[in-house]
Amino acid sequence: MLLWRGRPEDADGLFQIRNEPEVARWWGADDIKKEISEQFIGADDGFVIEAYGEVVGAIQYHEEDDPMYRHAGMDIFLTTSRHGQGLGTEAIRLLASYHFEERGHHRLTIDPAADNTAAIRAYKRVGFRRVGIMRNYERGPDDVWHDGLLMDMLREEFRP
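Residues numbered from 1 in each chain as written. Predicted model: local features only at pLDDT ≥ 70, side-chain atom pairs only at ≥ 80, totals over all residues. Heavy atoms only, no water.

**Quick notes on the pairing of strand β6 (residues 129–139)**
Then comes step 1: As paired elements, β6 and strand β7 (residues 145–154) share seven bridges and run antiparallel to each other. The partner of Glu138 across the bridge, within β7, is His146.
Then comes step 2: A loop of five residues connects β6 with β7, the two strands running antiparallel in sequence, and Asp143 in this loop sits at a positive phi of about 65°. (Pairing = 2+ DSSP bridges. Helix = DSSP H or I, 4+ residues; strand = E, 2+ residues; numbered from the N terminus.)

**Brief notes about the confidence of the model for the protein chain**
Then comes step 1: Per-residue pLDDT for the protein chain averages 93, and the proportion of residues at 70 or more is 99%.
Then comes step 2: Across the protein chain, strand β5 (residues 107–110) holds the top mean pLDDT of 98, while helix α3 (residues 32–39) sits lowest at 80. (pLDDT = per-residue confidence, 0-100.)

**A few points about the packing of aromatic side chains**
Then comes step 1: Taken as a whole and assessed by the stated rule, the structure comprises six aromatic pairs.
Then comes step 2: Where Tyr123 meets Phe128, the ring centres are 6.3 Å apart and the plane angle is 65°; that geometry is what we call edge-to-face. Here the two residues Tyr123 and Phe128 agree in accessibility, since each one is buried.
Then comes step 3: A network of ring pairs unites the aromatic residues Trp27, Phe40 and Phe77 as a single cluster.
Then comes step 4: Positioned over the ring face of Phe77 is Arg18, at 5.9 Å from the centre of the ring. (Phe/Tyr/Trp six-rings, centres within 6.5 Å; stacked < 30°, edge-to-face > 60°. Buried < 20%, exposed > 50% of the residue type's maximum accessible area, 1.4 Å probe, protein only. Lys NZ or Arg CZ within 6 Å of the ring centre and 35° of its normal.)

What follows is the structure, given as structure tokens:
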């Protein structure tokens, strides 16, 4: 598996993946081209995921740099055809290792939809634990508010 900063030639592939119904279900469908362009193409905090010689998704992070609250959070999407193959877990491990080893973070967060059981299982395999439900956390493509699950992982809980 490889992660790299998105290039202009990656945009169409990422757009197609983000437009898949099962991906859009969790990520929404508003202005996907703008999102891909701003969050993954040339962005310092967004990476394209390659596996088996093909682009299979993208992963991004954000950092809180205030010393009192320093941590990083992440988010990921994968093409539906590669769900259930452990690729999301592997990509999360790569990014988590980068944040613990290179960026010096002691804590990471991730916030899947509360009913995204497959994603939650993948994050638990890396070492993330449930913190709590964030009620009416995000508006879905159905224009209804949905709960999110806050998960976090401390450096000593990481399962490389």
